[in-house]
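Listed below, chain by chain, are the residues.
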Amino acid sequence: MDKIRIRGGKPLFGEIVIGGAKNAALPLMAAGLLTDERLVLTNVPRLDDIRNMRQLLANHGIAVDLPGNDGRILSLGGPIGNTEAPYDIVRKMRASFLVLGPLLARMGEARVSLPGGCAIGARPVDLHLKGLEQMGAVIRIEGGYVIATAPGGLRGTTIVMPFPSVGATENLLMAASLAQGQTVLANAAREPEISDLTDCLIAMGARITGRGTDKLTIEGVSSLHGATHPIISDRIETGTYACAAAISGGEVFLRGGRGDHLGALIRSLGEAGVEVSEREGGLAVKRLNGLHGADVMTEPYPGFPTDMQAQFMALMSVASGASMVTEKIFESRFMHVPELNRMGANITVHGESAIVRGVAQLSGAPVMATDLRASVSLIIAGLAARGDTIVNRVYHLDRGFEAVEQKLAACGADIERLPG
């Protein structure tokens, strides 16, 4: 199993190209199940999660082609030959569950394993299932599988979501596109990835209004057609490299980064003494006069993203003063704290909050990645640590960050991947 070694103390200078958003690409790939025609996606990131989703779609019988040699373009769609999403594939990542809505809407049936993914606490799928039941689906759970049928087809209705779940919004949005009549999704998630999915569905012939708001109205159509759609840049990758530049004390241009997608993160970085400025083609990031403690609380978009909590905590571990990081989206998402403390950080967890008392210097240590975002937070910490940091179990990292060691090394980091 590969490891990554970082020798800290070198500021980052240069340019990092931000790839396509993993969290946009996965639902967009699931949308390929909605049509017999070809859906062509461009700006596709090369990640393990993308490969797993390709495997799942191929299992359903739709063709998944990669025109060209760089893997940045996906062409998918066609007849569905199998409506079961098996445990062996779905257990690898939670986003696999997004095939449920498209399969049910197009085929009238689906058998989908309950999902896996990172171990960051309970992430129930009840909102997905309750919404589909409101649309006329008959659902039971048996042997670890969700077995769903829509004997009379899905029917439009008004669904008021108790929480703006991203996954449930995506699943119901895709299902509603082929449902009979009008569906209203109230208290829908507003993340940029949802707007990207909405844009793609509209390009495929869906009739959706309310893009970017918490109320989406979908007029169902009988079929969708093919389209070509560019995937938005990854806001979490953008924020991650912004934290890396800040903790190293350097200055980095994030080509393709979009400030309008970062929400509260830019404000929090500003409070911490990090300047993020819009430039043509991307964002410039630099630390101003030292790092200062800043409090954050994770919230649905446009609030502070839970997927940036670990990276920001690593940054705050060397900021002057104290910070409070409160996690309101997922429980069990502080598993990186003991690993950061192994490197000399001073972090104490109290329930859903972590108190971070900044230290002058971190020290390199062997650490263990526990989930996708935690793994990259340890790399960020390693950039500022004295000596060598060895991050173990980096298969988590490969699920969501492409070529992270090459991108950082190109900006001056002393970092390399070591075979396990």
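Everything numeric here is computed off the predicted structure, so don't read it as measured data.

1. Observations regarding the overall build of the protein chain
When helices and strands are tallied, the protein chain shows 14 helices and 26 strands. At 21 Å, the protein chain has a C-alpha radius of gyration in line with the 22 Å of a compact globule built from 420 residues. Expressed as lengths along the three principal axes of its C-alpha atoms, the size of the protein chain is roughly 65 × 45 × 45 Å. Taking all 420 residues of the protein chain together, 58% fall into the buried category. For the protein chain, the proportion of contacts with a sequence separation of at least 24, taken over those separated by at least 6, is 74%. When the accessible area of the protein chain is evaluated, it comes to approximately 15,200 Å², of which 50% is carbon and sulfur surface. Positive and negative side-chain charges of the protein chain, numbering 40 and 43 respectively, have mean locations separated by a distance of 3 Å.

2. A few points about the confidence of the model for the protein chain
With 98% of its residues at a pLDDT of 70 or more, the protein chain shows a mean pLDDT of 94. Scored below 50 in pLDDT, residues 117-123 shows 23 contacts in the model against residues more than four places distant or in partner chains.

3. With respect to the packing of aromatic side chains
Applying the stated criterion across every chain yields a total of 1 aromatic pair. Ring centres of Phe304 and Phe312 lie 5.4 Å apart, and the angle between their planes is 70°; on these two criteria the pair is classed as edge-to-face. Of the two residues, Phe304 and Phe312, both sit in the buried class.

4. Some points on helix α4 (residues 100-107)
Of all 8 residues in α4, 6 are buried, a share of seventy percent or more. Regarding α4, the residues found buried are Leu100, Gly101, Pro102, Leu103, Leu104 and Ala105. Just downstream of α4, Gly108 is the residue with a positive phi angle, here 80°.

5. Let's talk about the environment of Met53
You can see Met53 is positioned in helix α2 (residues 48-59). Of the residues examined, Met53 reaches a relative accessible area of 0% and is grouped as buried. In sequence terms Met53 and Ala409 are 356 residues apart; their C-alpha atoms lie 29 Å from each other. Apart from residues lying up to four places away in sequence, Met53 is in contact with Leu26, Met29, Met93, Ala95, Ser96 and Val99.

6. Side note on the side chain of Glu193
Mapped onto the elements, Glu193 comes out in helix α7 (residues 192-203). The buried category is assigned to Glu193, whose relative accessible area is 5%. Residues contacting Glu193, with those up to four places away along its chain left out, are Asn23, Ala24, Glu170, Ile232 and Arg235.

7. Some points on the packing of helix α6 (residues 166-177) against α7
Where α6 meets α7, the axes come as close as 10 Å, and the angle between the chain directions of the two elements is 10°. Looking at the two axes, α6 sits roughly parallel to α7. Residue-level inspection shows Val166, Thr169, Glu170, Leu173, Met174 and Ser177 of α6 in contact with α7, the latter providing Glu193, Ile194, Leu197, Thr198 and Leu201. Looking at the contact of α6 with α7, its residues break down into 6 nonpolar, 3 polar and 2 charged.

8. Section: the packing of helix α1 (residues 22-30) against α2
In contact at an axis separation of 10 Å, α1 and α2 are set at 5° when each is read in the N-to-C sense. In terms of their interaxial angle, α1 and α2 are classed as roughly parallel. Of α2, the residues touching α1 (which contributes Lys22, Ala25, Leu26 and Met29) are Asp49, Ile50, Met53, Arg54 and Leu57. Looking at the contact of α1 with α2 residue by residue, the classes come out as 6 nonpolar, no polar and 3 charged.

9. So, the pattern of salt bridges
Here the structure, examined in full by the defined rule, presents 25 salt bridges. Between Asp49 and Lys22 there is a salt bridge, and its shortest N-O distance comes to 3.2 Å. On the criterion of sequence distance, the pair formed by Asp49 in helix α2 and Lys22 in helix α1 is long-range, its members being 27 residues apart. Given the relative accessible area of 1%, Asp49 is considered buried. With its nearest N and O atoms 2.7 Å apart, the salt bridge here joins Lys407 to Glu237.

How each quantity is defined
- Residues numbered from 1 in each chain as written.
- Predicted model: local features only at pLDDT ≥ 70, side-chain atom pairs only at ≥ 80, totals over all residues.
- Heavy atoms only, no water.
- Helix = DSSP H or I, 4+ residues; strand = E, 2+ residues; numbered from the N terminus.
- Rg over C-alpha atoms; globule rule 2.2 N^0.38 Å.
- Buried < 20%, exposed > 50% of the residue type's maximum accessible area, 1.4 Å probe, protein only.
- Contact = heavy atoms within 4.5 Å.
- Areas by Shrake-Rupley, 256 points an atom, 1.4 Å probe, with all protein chains shown as cover.
- Lys, Arg positive; Asp, Glu negative; His and termini not counted.
- Charge placed at Lys NZ, Arg CZ, Asp CG, Glu CD.
- pLDDT = per-residue confidence, 0-100.
- Phe/Tyr/Trp six-rings, centres within 6.5 Å; stacked < 30°, edge-to-face > 60°.
- Axes fitted to C-alpha atoms, helices over the stretch in contact; angles between N-to-C directions.
- Parallel < 35°, antiparallel > 145°, perpendicular 65-115°, else oblique.
- Nonpolar A, V, L, I, M, F, W, Y, C, P; charged D, E, K, R; others polar.
- Salt bridge = Lys/Arg side-chain N within 4 Å of Asp/Glu carboxyl O.

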